[in-house]
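Topology and contacts: notes
Each chain, letter by letter, is given below.
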Amino acid sequence: MKKIIIAVMMFMGTIGLANAKTIDFLVLGTPGGTAYTNADMFVPLLEKETGYTINKVVVDSCVGGTIHMKKSKNPSIWIMNSLNHEDPGCNLLPTKENFVGMAWGRAMAFCSNDELAVAINKLKAGKRLTFAVSNSYGQHLIDPLVAVTGTPMKFVPYGSSGKSLKGFVAGDTDMLYTNMPKAVSGVTKNGIKCWANTGPTQILDMVPMTSIFPDYKYADVQTMTYMGSVNLSKSEMKALRTAFASAAQSEVVTGYITKKKLISPSEYGEDADWVQLVIDAGKKWVGKF
């Protein structure tokens, strides 16, 4: 009798394993990068919430993920940044059908060695200003501010955001336009002053740029990080959307948002059209908006 019970239990366990759901998590980056950090953060949370087995599949980029999914029919998810939407060959863009959930937004920062009032006066003064920037930020992002203020402004590109910060601190430019983590680093480690950001709320001493120059076309330009998917059944999509929403409220994720001075989804309002916001964010970066 005992042997029969054991056999039945083993059989039931085999059925459970056979029915266990397995989802691929496409890591759209290289080792040590943000994509790996995001995967390490979300995969355990989603496995706990869903009971699914989630396998990390390293594809290096959105383009790599696009190529991978031409061959794979596996249910798959990924954490994506809107900054990569316009990369040639990237076809993992969000739709209302494949969008799982919003993780966070990240604002840009305006910095100089001035207090807010002085900085605004300089932006309006008409004297040519230079901004140290990473070479991934195009001049098109500042030209609309020139149109609003009448002051000539020029982006001076450096090889990275870290190098642009060093160039500004060395006195190479009048101001700095950079991502939020680098701005925070500049404030805490180099003593610079950052007085405006492109997000919906104040971050440290940085007020929303929309409150200073509401007619500036790219006053709200941001990058949006979210989860997308492909090949999910209706039940899998429902389960993952619920799990992702729960994971986004976890101490792990909210702590990360706070530490990195990112923007919580709640700051965008209850009725935010996430898919449209994410698509618009990608277009703004390349001047297609």
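Preceding this paragraph is the structure being described.
It is the contact of helix α6 (residues 161–169) with helix α7 (residues 180–190), at a shortest axis distance of 10 Å, that shows an interaxial angle of 40°. Taken as axis vectors, α6 and α7 run oblique relative to one another. The way α6 lies across α7 gives a crossing that is right-handed. Each of S161, G162, L165 and V169 in α6 lies in contact with α7, whose residues at this interface are K182, G186 and N190. Residues of the contact of α6 with α7, tallied by class, amount to 2 nonpolar, 4 polar and 1 charged.

Evaluation of the coordinates by the stated rule reveals 13 aromatic pairs. Measuring from ring centre to ring centre gives 5.1 Å for F42 and F244, while their planes differ by 15°; the resulting arrangement is stacked. Linking F42 in helix α2 (residues 34–50) with F244 in helix α9 (residues 234–248), this pair joins segments that are 202 residues apart in sequence. Of the two residues examined, F42 and F244, each falls in the buried class. Note on F131 and F155: the rings are 6.1 Å apart at their centroids and 70° apart in plane angle, and the pair reads as edge-to-face. You can see F131 sitting in strand β5 (residues 129–134) and its partner F155 sitting in strand β6 (residues 153–158), a full 24 residues away along the chain. When sorted by exposure, F131 lands in the same class as F155, which is buried. Taking NZ or CZ as reference, K284 lies 4.8 Å from the ring centre of F289, over its face.

Turning to the pairing of β5, a few remarks are in order. The side chains of a regular strand alternate, first on one face of the sheet and then on the other. When you tally the buried positions in β5, you get 6 out of 6 residues, the bulk of the element. Burial along β5 is two-sided: L129, F131 and V133 facing one way and T130, A132 and S134 facing the other are all buried. Both β5 and β6 contribute to a ladder of 6 bridges, which runs parallel. Its bridge partner lying in β6, L129 is registered against M153. Bridge analysis of β5 against strand β7 (residues 175–179) gives 2 bridges, and the strand direction is parallel. Within the sheet, the bridge partner assigned to A132 lies in β7 and is L176.

Conventions we followed
- Residues numbered from 1 in each chain as written.
- Predicted model: local features only at pLDDT ≥ 70, side-chain atom pairs only at ≥ 80, totals over all residues.
- Heavy atoms only, no water.
- Axes fitted to C-alpha atoms, helices over the stretch in contact; angles between N-to-C directions.
- Helix = DSSP H or I, 4+ residues; strand = E, 2+ residues; numbered from the N terminus.
- Parallel < 35°, antiparallel > 145°, perpendicular 65-115°, else oblique.
- Left-handed = near helix turned anticlockwise from the far one by under 90°.
- Contact = heavy atoms within 4.5 Å.
- Nonpolar A, V, L, I, M, F, W, Y, C, P; charged D, E, K, R; others polar.
- Phe/Tyr/Trp six-rings, centres within 6.5 Å; stacked < 30°, edge-to-face > 60°.
- Buried < 20%, exposed > 50% of the residue type's maximum accessible area, 1.4 Å probe, protein only.
- Lys NZ or Arg CZ within 6 Å of the ring centre and 35° of its normal.
- Pairing = 2+ DSSP bridges.

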